[in-house]
Structures are given as C-alpha cells and as structure tokens.
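Residue-level listing of the chains:
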Amino acid sequence: MREPIFTDQARLLAPDEQKAVSVAKAAVQQRYRLAGYRETNNEHLAFYIEQADTGWRVQVSTFNRDVPSGQPVFTCGGFVEVTIDKDWNVTGLMGGA
C-alpha cells in the first residue's frame with residue numbers, strides 16, 4: 001500500500017479510487033453505528049488504497065491530530081480493512097489488532 005490519503009485529499013484521487021474510499025468509509029461508519037459507537041470524525045480518517053484482482057482493499061484508519069506538532073498520530077489497532085468486489089459490494093470488514 002502507498003502513503004495514506006486523508007479525507008481532505010480524497011477528491012484528488014482517480015474516480016475508481018474515490019468510489020472505493022466512499023464505499024469503504026460508508027461501510028465502516030455503518031459498522032460503528034451498529035456496534036453502538038459514536039460517529040467517526042470524517043476529518044480524522046486516513047485511507048490506504050490498493051487495487052486487487054478481485055476489486056479493492058481499503059484500510060480505513062483513525063488518528064488524532066490534536067497534538068502540539070499537528071502531525072497525525074495513528075493509534076494501535078485503530079483501523080478497519082475493507083474488501084470491495086468489482087461490483088462495489090463490501091465483501092469483508094476486518095478490524096485492526
């Protein structure tokens with residue numbers, strides 16, 4: 001996977017990559033709601049995108065930017081890997097450990 005793409009940079013991606021990010025973000029937010037967690041902060045999400053033979057793999061990571069340096073600080077286990085098939089269906093969600 002390449003460098004992380006932050007929410008405010010997603011509009012710079014190719015159309016298929018933008019769609020993969022959108023599908024993955026919606027799947028993660030729905031899973032959070034179903035589990036009873038508060039809504040994720042869209043400004044504190046980062047995405048690692050990889051095209052696979054069967055579709056896409058998108059790692060959605062949460063981070064904290066509220067530190068003195070202003071740089072993102074990723075938390076251990078604070079990610080979900082979303083697999084998406086070529087028809088844009090979510091086929092898997094795996095939480096970080």
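Residues numbered from 1 in each chain as written. Predicted model: local features only at pLDDT ≥ 70, side-chain atom pairs only at ≥ 80, totals over all residues. Heavy atoms only, no water.

Novice: Explain the nonpolar core here, please?
Specialist: Inside soluble globular proteins, nonpolar side chains tend to come together where they are buried. Counting residues in hydrophobic clusters, the biggest one holds 18 residues, and the most contacted among them are Phe47, Ile49, Val58, Val60, Val82 and Ile84. Within the residue set of this core, elements represented by two or more residues are helix 1 (15–34), strand 2 (45–52), strand 3 (55–64) and strand 4 (73–85). Tallying contributions element by element places helix 1 first for this core, with six residues. For Val82, the contacting residues outside a window of four places in its chain are Ala24, Ala27, Val28, Trp56, Arg57, Val58, Val60, Val90, Gly92 and Leu93. (Core = buried A, V, L, I, M, F, W, Y, C linked by side-chain atoms within 4.5 Å. Buried < 20%, exposed > 50% of the residue type's maximum accessible area, 1.4 Å probe, protein only. Helix = DSSP H or I, 4+ residues; strand = E, 2+ residues; numbered from the N terminus. Contact = heavy atoms within 4.5 Å.)

Novice: Before we go on, may I ask you to explain the pattern of salt bridges in this structure?
Specialist: Oppositely charged side chains can pair when the atoms bearing their charge come close. Scanning all chains against the criterion turns up two salt bridges. For Arg57, the salt bridge goes to Glu50, with nearest N and O atoms at 3.0 Å. The exposure class of Arg57 is partly exposed, given its relative accessible area of 29%. Measuring nitrogen to oxygen at the nearest pair gives 2.7 Å for the salt bridge that ties Glu81 to Arg57. Of the two residues, Glu81 sits in strand 4 while Arg57 sits in strand 3, which places them 24 residues apart along the sequence. Taking relative accessible area as the criterion, Glu81 reaches 18% and is therefore assigned buried. The network of salt bridges with shared partners includes Glu50, Arg57 and Glu81. (Salt bridge = Lys/Arg side-chain N within 4 Å of Asp/Glu carboxyl O.)

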